[in-house]
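Below, each chain spelled out in residue letters.
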Amino acid sequence: WKTLHDMTAAAGIDVRQHLLDFHSKYYSAGRMRLAILGREPLDTLEGWVREMFSKVPNEPKDLPKVSNVLSDVFHDQWFGLY
């Protein structure tokens, strides 16, 4: 059996690097949503959220075109049409 790792490595594609590039190009707090549920008081929950997520960068970034991102890394012959 071949894995996705084997197929991309054989094609000279570094999937990890593509993921890191995707992250740096598109990752932004402005695109994220968070739902939180707990028995703690709202002020406590809000404090935890601010503590854990305040360092997520919020920079204007382009929206990804999913079909382009997929076709840059994955090829039709590996998955059929997507």
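Scroll up to find the structure this text is about.
Residues numbered from 1 in each chain as written. Predicted model: local features only at pLDDT ≥ 70, side-chain atom pairs only at ≥ 80, totals over all residues. Heavy atoms only, no water.

Asks: Explanation requested: the packing of aromatic side chains in the structure shown.
Replies: Describing an aromatic ring pair means giving the distance of the ring centres and the angle of the ring planes. For the coordinates displayed, the defined rule picks out one aromatic pair. Ring geometry for Phe 22 against Tyr 26: centres 4.9 Å apart, planes inclined by 50°, an arrangement best described as tilted. One end of the pair, Phe 22, and the other, Tyr 26, are both in helix α2 (residues 15–26), four residues apart, so they sit about a helical turn from each other. Take Phe 22: its relative accessible area is 36%, and that puts it in the partly exposed class. (Phe/Tyr/Trp six-rings, centres within 6.5 Å; stacked < 30°, edge-to-face > 60°. Helix = DSSP H or I, 4+ residues; strand = E, 2+ residues; numbered from the N terminus. Buried < 20%, exposed > 50% of the residue type's maximum accessible area, 1.4 Å probe, protein only.)

Asks: Looking at this model, I keep getting lost on the environment of Glu 59. Mind explaining?
Replies: Locating Glu 59 in the fold gives a position in the loop between α3 (42–53) and α4 (66–73). For Glu 59, a relative accessible area of 41% translates into the label partly exposed. Spatially, the C-alpha atoms of Glu 59 and Ala 29 are 7.5 Å apart, while their sequence positions differ by 30 residues.

Asks: Explain a nonpolar patch on the surface to me, please; I cannot follow it from the model alone.
Replies: Together, Leu 34, Ile 36, Trp 48, Met 52 and Phe 53 make up an exposed nonpolar region whose accessible area comes to about 530 Å². For Met 52, the location among the structural elements is in helix α3. The class for Met 52 is exposed, based on a relative accessible area of 58%. (Patch = residues over 30% accessible without salt bridge, like charges linked within 9 Å, V, L, I, M, F, W, Y side chains within 5 Å. Areas by Shrake-Rupley, 256 points an atom, 1.4 Å probe, with all protein chains shown as cover. Salt bridge = Lys/Arg side-chain N within 4 Å of Asp/Glu carboxyl O.)

Asks: Which parts of the structure should I look at to understand the side chain of Ser 28?
Replies: Within the secondary structure, Ser 28 is located in the loop between α2 and α3. If near-sequence neighbours (up to four positions away) are discounted, Ser 28 is found in contact with Pro 57, Asn 58 and Glu 59. (Contact = heavy atoms within 4.5 Å.)

Asks: I'm lost on the environment of His 5 in this one. Help?
Replies: Assignment of secondary structure puts His 5 in helix α1 (residues 4–10). A C-alpha to C-alpha distance of 7.7 Å links His 5 and Val 15, two positions 10 residues apart in sequence.

Asks: Explain the environment of Arg 16 here, please?
Replies: With respect to the helices, strands and loops of the structure, Arg 16 is situated in helix α2. Classification of Arg 16 by relative accessible area gives exposed; the value is 59%. In sequence terms Arg 16 and His 5 are 11 residues apart; their C-alpha atoms lie 9.9 Å from each other.

Asks: Whenever I open this one, the pattern of salt bridges confuses me. Can you help?
Replies: Where charged atoms of side chains with opposite charge meet at close range, the side chains can pair. In the structure shown here, the tally under the stated rule is two salt bridges. A salt bridge links Glu 46 to Arg 50, with the nearest nitrogen and oxygen atoms 2.8 Å apart. On the criterion of helical spacing, the pair formed by Glu 46 and Arg 50 is a turn pair, its members being four residues apart in helix α3. Classification of Glu 46 as partly exposed rests on a relative accessible area of 36%. The exposed category is assigned to Arg 50, whose relative accessible area is 56%. Notably, a salt bridge pairs Lys 61 with Glu 59, separated by 3.7 Å at the nearest N-O pair. The exposure class assigned to Lys 61 is partly exposed, which follows from its relative accessible area of 24%.

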